[in-house]
Amino acid sequence: MPERVADAPWLIWLLEAIHRGQVGLLQLLYGLGWTGEVDGQPAWPWTQRLAGEYLLVDQAQARQLAWSLGAIAAALVLLALAMLWRRRRRRSLCLLGMALAAVVLAPWPSRQVVLVQAVPSSFHRNPLPFTDAAIVRGAAQYRRLCLQCHGAAGDGQGPEASAQPVWPPSFIGPLLWRRADGELLQAVRYGVRDGQGRPTMAGFAGQLSVAQSWELLHFLRAQAAGRLLNATGNWAQPVALPDMPLRCHRPDKTRVRDWRGQRLRLVSLADARQLPPDPRMVTLWLPPAGPLPALPEQVDCIVVSGVVAQQALGLVNGDAAMRDVQLLADKDGWLRARNSRAVGNWNDEDLLCRSTQDTQAPATPAAPVAEDGLTRILRRMDLEPVRYVKGGRVHGLR
Ligand code: HEC
C-alpha cells in the first residue's frame, strides 16, 4: 500500500524535504513580492511542481531522486571548495570537474514521475480548524451546490450525474486523501477540465467564499471517512476527532483541541454516570439531544454544541444516530477506535485505524495476568502513531 510509508523512513524524510523546500521557496518569492496571492495564500507561480505522490508508488524513482539530490549537494560543496582554492588553479579545476561529473552522472529520475501539473493553490493548506461547526456548514453548501451530481452519500450517484461529460468521481475512496488540499480547492473554485482542456465540472468561486470552500472540503472528508468505515469496517483514511466546544471541570479547557496530547474518549451514552471512570484518558460526554444536563463527576467534559456535534460526529462515525457509542482518539487527535456496544468490553476489532497493515495484534509476551481489550488498544494507539500521506507528504495534525 503506497499510503502507508512507515516502513521506509528515508522516504518520509525525502518527501518532507521536497515539500518544505518548495514551500520555503514559495514563501521567499512571496516575501520578495515576486508572486502574489490567490484565495488568501501565496500563489505558486509555475505550472509544475515536484511531486511526492508518485515517488511513493515508485520507490525506485524516489531512490534515484535521493541520489541526485545528494549529488547536487556534493556538487555545491565541491564548487565552494573550488572557490576557496581558486588561487591553486589546477586543484580548483579538478574540483570543478568533479562537481560537474557529480551532476551529470547522478541517476536522474524520469521527468514525468518527478514533475506534475501544479495550480496556483497547489501548496495551500486548509486554514480552518476541523470543527463540528465547519463540517456542518460545509454539509449545507454540499446539499445546495454539489449533491445533484456527487450524490447524497458522496458516491457520485447524484440525479444529474449521468448528464455530465464524464461521470463524477466517488469521494468514498482514497481520492480526497491522495490529493493536496490546495488542488481540491482549485477544482471546487475554478472547475475541472479534461485532457483536451474542455470543462468537465464548472467552478463555484462565484457561489462560495474561500472559507465556505474550505468548509466544504472538511465536510467531504468527514463524510467520506464515515462512509469508508461503513464500507470497509475501518477508518482506512485517517480522520481527526472534530474540534468541538466543551464545558469541563477544568476551567482552562473549553474545546477539544485544548486537550491535545491526551488520549480522548468520547461517549454518547444516554446517562454518562453508567460509565466506569478511567484515569488513562479524558472522557468527553456527548449528551442526548435536548436541554444541556449538568456536568457529572464521572466525566471530564460535556460537549455543548448539541445537534451540530451530533451531526458532525454522525458523519465521521458513518451512523447519524450516534447512540451508545464510544470513540477513542489518540494523543495527536486521530480517531482510532470505536465501541458501539455502549459500556460493553473492548476487543481488538475495535481498533479501526491502524498504521500497520497487519490485522492481528502484535504478539504480546505471555503475561501472567490477562490484559483487557481496552488496555491493548491504548497501547497500540500509543506505539503506532498515524503517519499518512496527503498530496505526497506525511502529515501530523496541526
Ligand atoms: C453539474 C455536476 C457537478 C456539480 C454540481 C459538482 N460537480 Fe464536482 N465533479 C463533477 C464531475 C463531472 C467531475 C469529474 C471531472 C473530471 O474528472 O474531469 C467532478 C469532480 C470533482 C472533484 C474531483 C476533482 C479532481 O481534480 O479530481 C471534486 C473535489 C469535486 N468535483 C467537488 C465538487 C464540489 C465540492 C461541488 C459543490 C460545490 C461539486 N463538485 C459540484 C460534476 C459536478
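Residues numbered from 1 in each chain as written. Predicted model: local features only at pLDDT ≥ 70, side-chain atom pairs only at ≥ 80, totals over all residues. Heavy atoms only, no water.

Caption draft 1: Just the sheet that holds strand E8 (residues 264-267), in detail. With mixed pairing, the six strands of this open sheet are ordered in space as E7-E10-E9-E8-E11-E12. Strand pairing shows two members of the sheet lacking a second neighbour, strand E7 (246-248) and strand E12 (335-339), which therefore form its edges. Put simply, the sheet's adjacent strands are angled 25° from each other on average, direction ignored. In this sheet, E12 lies alongside strand E11 (residues 326-329) in antiparallel orientation, the contact comprising four bridges. (Pairing = 2+ DSSP bridges. Helix = DSSP H or I, 4+ residues; strand = E, 2+ residues; numbered from the N terminus. Axes fitted to C-alpha atoms, helices over the stretch in contact; angles between N-to-C directions.)

Caption draft 2: Quick look at the site of the ligand. In the vicinity of the ligand there are 19 residues, among which Cys 146, Cys 149, His 150, Thr 200 and Met 201 approach most closely. In this structure, Thr 200 approaches the ligand through a side-chain N or O atom, which is 2.6 Å from an oxygen atom. The set of elements that each furnish at least two residues to the shell around the ligand consists of helix H7 (147-150), helix H9 (181-190) and strand E6 (199-201). For the shell around the ligand, the residue count by class is 14 nonpolar, four polar and one charged. (Near = heavy atom within 4 Å. Polar contact = N/O pair within 3.5 Å; in protein donor to acceptor, adjacent residues only side chain to side chain. Nonpolar A, V, L, I, M, F, W, Y, C, P; charged D, E, K, R; others polar.)

Caption draft 3: The arrangement of the nonpolar core in detail. Counting 54 residues, the largest nonpolar core has Trp 235, Leu 241, Leu 266, Leu 284 and Leu 313 as its most contacted members. Here this core gets ten residues from one element, more than from any other, and that element is helix H10 (residues 210-232). Structurally, this core is a two-domain feature, drawing no fewer than three residues from each of domain 2 (132-232) and domain 3 (246-395). Dropping the residues within four chain positions of it, Leu 313 is found in contact with Leu 241, Pro 242, Met 244, Leu 266, Leu 286, Met 322 and Leu 327. The next biggest cluster of nonpolar side chains, apart from the first, holds eleven residues, and it includes Leu 11, Leu 55, Val 113 and Val 114. (Core = buried A, V, L, I, M, F, W, Y, C linked by side-chain atoms within 4.5 Å. Buried < 20%, exposed > 50% of the residue type's maximum accessible area, 1.4 Å probe, protein only. Domains from an automatic or database assignment. Contact = heavy atoms within 4.5 Å.)

Caption draft 4: Spatial organisation of the pairing of strand E9 (residues 282-285). Taking every second residue as pointing to the same face, both faces of E9 are buried, with Val 282 and Leu 284 on one and Thr 283 and Trp 285 on the other. Where E8 meets E9, four bridges bridge the pair, whose relative direction is parallel. Among the inter-strand pairings, Val 267 is bridged to a residue of E9, identified as Trp 285. Pairing of E9 with strand E10 (residues 301-303), which is carried by two bridges, proceeds in the parallel orientation. Counted as the bridge partner of Trp 285 is Ile 302 from E10.

Caption draft 5: Layout of the state of the cysteines. As enumerated under the stated definition, the model contains one disulfide in all. Covalent S-S linkage joins Cys 248 and Cys 301, the inter-sulfur distance amounting to 2.1 Å. Looking down the S-S bond of the Cys 248 and Cys 301 bridge, the torsion is 105°, so its handedness is right-handed. Of this pair, Cys 248 sits in strand E7 while Cys 301 is found in strand E10, placing the two residues 53 residues apart along the sequence. For Cys 301, a relative accessible area of 0% corresponds to the buried category. (Disulfide = S-S within 2.5 Å.)

Caption draft 6: Geometry of the pairing of E11. Neither face of E11 is exposed, since Gln 326 and Leu 328 on one face and Leu 327 and Ala 329 on the opposite face are all buried. For E8 and E11, the ladder comprises four bridges, and the chain directions are antiparallel. Across the sheet, the residue bridging to Leu 264 is Ala 329, located in E11. Where E11 hands over to E12, the hairpin turn is made up of five residues, of which Gly 333 adopts a positive phi near 100°.

Caption draft 7: How the structure looks around the UniProt feature "transmembrane region" (unreviewed entry) in the protein chain. Sites flagged by UniProt as "transmembrane region" (unreviewed entry) map to residues 65-85 and 92-110. The span residues 65-85 shows a helical share of 95% and a strand share of 0%, and its end C-alpha atoms are spaced 30 Å apart. (UniProt positions renumbered as here; feature names shortened; annotations may be inferred.)

Caption draft 8: Highlighting the pattern of salt bridges. Tallying each qualifying case throughout the model produces 17 salt bridges. Here Arg 221 ties to Asp 181 by a salt bridge, and the two come within 3.1 Å at their closest N and O atoms. Here Asp 181 lies in helix H9 and Arg 221 lies in helix H10, a separation of 40 residues in the sequence. Neither Arg 221 nor Asp 181 differs from the other in exposure class; each is buried. (Salt bridge = Lys/Arg side-chain N within 4 Å of Asp/Glu carboxyl O.)

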